[in-house]
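# Fold and contact review
This is what each chain is made of:
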Amino acid sequence: QVQLVESGGGLVQAGGSLRLSCAASGRSISTYTMGWFRQAPGKEREFVAGISWTGGMLLYADSVKGRFTISRDNAKNTVYLQMNSLKPEDTAVYSCAASPLVVVALTSRTYSYWGQGTQVTVSA
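Just so it is clear, the structure is predicted and the values come from calculations on it, not from any experiment.

### Section: the pattern of salt bridges
- Throughout the structure, instances matching the rule amount to four salt bridges.
- Notably, a salt bridge pairs Asp90 with Arg38, separated by 2.9 Å at the nearest N-O pair. Residue Asp90 is found in the loop between β8 (78-83) and β9 (92-99), and its partner Arg38 is found in strand β4 (residues 33-39); the two are separated by 52 residues along the sequence. There is no split in this pair, since Asp90 and Arg38 are both buried.
- Notably, a salt bridge pairs Arg67 with Asp90, separated by 2.7 Å at the nearest N-O pair. Highlighted residues: Arg67 in the loop between β6 (58-60) and β7 (68-73) and Asp90 in the loop between β8 and β9, separated in sequence by 23 residues. Exposure class is identical for Arg67 and Asp90. Each is buried.
- Bridged by salt links that share partners, the residues Arg38, Glu46, Arg67 and Asp90 form one connected network.

Rendered as structure tokens:
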């Protein structure tokens, strides 16, 4: 079992930055592909970014390309999401997830473990 806990969310003005962290426990995530997803009120959960277990494959949603950066520190069993140039439409609950696949997948059903999420609110 892998337990995931997100942190770093909050309220920020448009154009600002936040860095989300996803700390894992129970098992090393060094052999898991990790992803960040988000869900805004009244909308379906959507893929934001993903990173393979080696870090060699990165994938981003078109809406965040050039603004968000996913990274991982396997020694710390932690995954990060650096979010810059935030927009009001980025407001959502952000969750991290772990997948046993060796490639980054966009579909949430391929991820086995999920955190509870952290709220990100971007004001205009």
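### Details of the nonpolar core
- By size, the foremost hydrophobic cluster in this structure holds 31 residues, and its most contacted members are Leu4, Met34, Trp36, Leu81, Met83 and Tyr94.
- Where this core is concerned, the elements lending two or more residues are β3 (18-25), β4, β5 (46-51), β7, β8, β9 and β11 (118-123).
- Other than its neighbours up to four places away in sequence, Met83 contacts Gly16, Ser17, Leu18, Leu20, Arg67, Phe68, Tyr94 and Val120.
- The next biggest cluster of nonpolar side chains, apart from the first, holds six residues, and it includes Phe37, Ala97, Ala105 and Tyr111.

### Regarding the side chain of Ser21
- Tracing the backbone through its elements, the reader meets Ser21 in strand β3.
- Among all residues touching Ser21, those that are not within four sequence positions of it are Val5, Glu6, Ser7, Trp36, Thr78, Val79 and Tyr80.

Rules and cut-offs
Residues numbered from 1 in each chain as written. Predicted model: local features only at pLDDT ≥ 70, side-chain atom pairs only at ≥ 80, totals over all residues. Heavy atoms only, no water. Salt bridge = Lys/Arg side-chain N within 4 Å of Asp/Glu carboxyl O. Helix = DSSP H or I, 4+ residues; strand = E, 2+ residues; numbered from the N terminus. Buried < 20%, exposed > 50% of the residue type's maximum accessible area, 1.4 Å probe, protein only. Core = buried A, V, L, I, M, F, W, Y, C linked by side-chain atoms within 4.5 Å. Contact = heavy atoms within 4.5 Å.

Such coordinate-based values are descriptive only and should not be taken to indicate function.
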